[in-house]
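A look at the structure
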Amino acid sequence: MALTVLEFVSVLTSIPQLNTAVKISIHHLTNFLFHFMLMPEYDVIFWKNNLQQFLSANVINDYEVTIRNKALSILNELIEKCGDYAIQAILLISEKFLLNIQESQTTESVKEIL
């Protein structure tokens, strides 16, 4: 289901007639994509206990379509299409996650920028 949603977002971001709408909603799209890229806590615990996890033979192929890879792909598309707007959104949303800032504070920052 999540991959289908991400495919839909990918198609929306690739339609030239929607470029203005994508630029206006770039912060919300970035926030949406970041939530799909977060590593669940049980994966973090497993990774901390087994640092070789990503080097083992059981690692998912880099070219396999996964939720995280698709979200990264869409972020790359947004950077190509929107340039500095996308980079600014990525930095703002990254700051939100790293500093554990509430959603309302991020929304206020976005309103100031726009």
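Criteria and cut-off values
- Residues numbered from 1 in each chain as written.
- Predicted model: local features only at pLDDT ≥ 70, side-chain atom pairs only at ≥ 80, totals over all residues.
- Heavy atoms only, no water.
- Helix = DSSP H or I, 4+ residues; strand = E, 2+ residues; numbered from the N terminus.
- Expected span 1.5 Å × (residues − 1).
- Buried < 20%, exposed > 50% of the residue type's maximum accessible area, 1.4 Å probe, protein only.
- Arc of directions from axis to C-beta.
- Contact = heavy atoms within 4.5 Å.
- Salt bridge = Lys/Arg side-chain N within 4 Å of Asp/Glu carboxyl O.
- Core = buried A, V, L, I, M, F, W, Y, C linked by side-chain atoms within 4.5 Å.
- Axes fitted to C-alpha atoms, helices over the stretch in contact; angles between N-to-C directions.
- Parallel < 35°, antiparallel > 145°, perpendicular 65-115°, else oblique.
- Left-handed = near helix turned anticlockwise from the far one by under 90°.
- Nonpolar A, V, L, I, M, F, W, Y, C, P; charged D, E, K, R; others polar.

**Focus on helix 1 (residues 2-14)**
Compared with the 18 Å implied by 1.5 Å per residue over 13 residues, the 19 Å span of helix 1 between its first and last C-alpha is a close match. For helix 1, the set of buried residues is Leu6, Val9, Ser10 and Thr13. Down the axis of helix 1, the smallest arc covering the buried residues is 105°, so these residues share one side. Among the exposed residues of helix 1, those oriented more than 90 degrees off its buried face are Thr4 and Phe8. Buried residues along helix 1 sit against helix 2 (19-24), helix 3 (26-37) and helix 5 (67-82).

**What about the pattern of salt bridges?**
Evaluated as defined, the whole model comprises one salt bridge. With a closest N to O distance of 3.5 Å, Glu7 and Lys70 form a salt bridge. Of the two residues, Glu7 is situated in helix 1 and Lys70 in helix 5; the sequence distance between them amounts to 63 residues.

**A short note on the nonpolar core**
The tendency in soluble globular proteins is for nonpolar side chains to be buried as a group. Formed by 16 residues in total, the largest nonpolar core has its most connected members in Ile26, Leu33, Ile74, Leu75 and Leu78. If you list the elements that add at least two residues to this core, you get helix 1, helix 3, helix 5 and helix 6 (84-99). Among the elements that make up this core, the one with the highest residue count is helix 5 (five residues). In this structure Leu33 touches Leu6, Ala71, Ile74, Leu75 and Leu78, once residues within four positions along its chain are discounted.

**Some details on the environment of Leu75**
Mapped onto the elements, Leu75 comes out in helix 5. Using a relative accessible area of 7% as the deciding quantity, one classes Leu75 as buried. Along the chain, Leu75 and Ala86 lie eleven residues apart, while their C-alpha atoms are 8.0 Å from each other. The contact partners of Leu75, leaving out residues within four places of it in the chain, are Thr30, Leu33, Phe34, Met37 and Ile90.

**A word on the environment of Ile87**
Inspection of the secondary structure puts Ile87 in helix 6. What makes Ile87 partly exposed here is its relative accessible area of 39%. For the pair Ile87 and Ile26, spaced 61 residues apart in the sequence, the C-alpha separation amounts to 9.7 Å.

**Side note on the packing of helix 1 against helix 3**
Relative orientation of the contacting elements helix 1 and helix 3 amounts to 150°, with a least axis distance of 12 Å. Taken together, the axis directions place helix 1 and helix 3 in an arrangement best described as roughly antiparallel. The handedness of the crossing between helix 1 and helix 3 comes out as left-handed. Together, Ala2, Val5, Leu6, Val9 and Thr13 of helix 1 and Leu29, Phe32, Leu33 and Phe36 of helix 3 make up the contact between the two elements. Its residues assigned to classes, the contact of helix 1 with helix 3 shows eight nonpolar, one polar and no charged.

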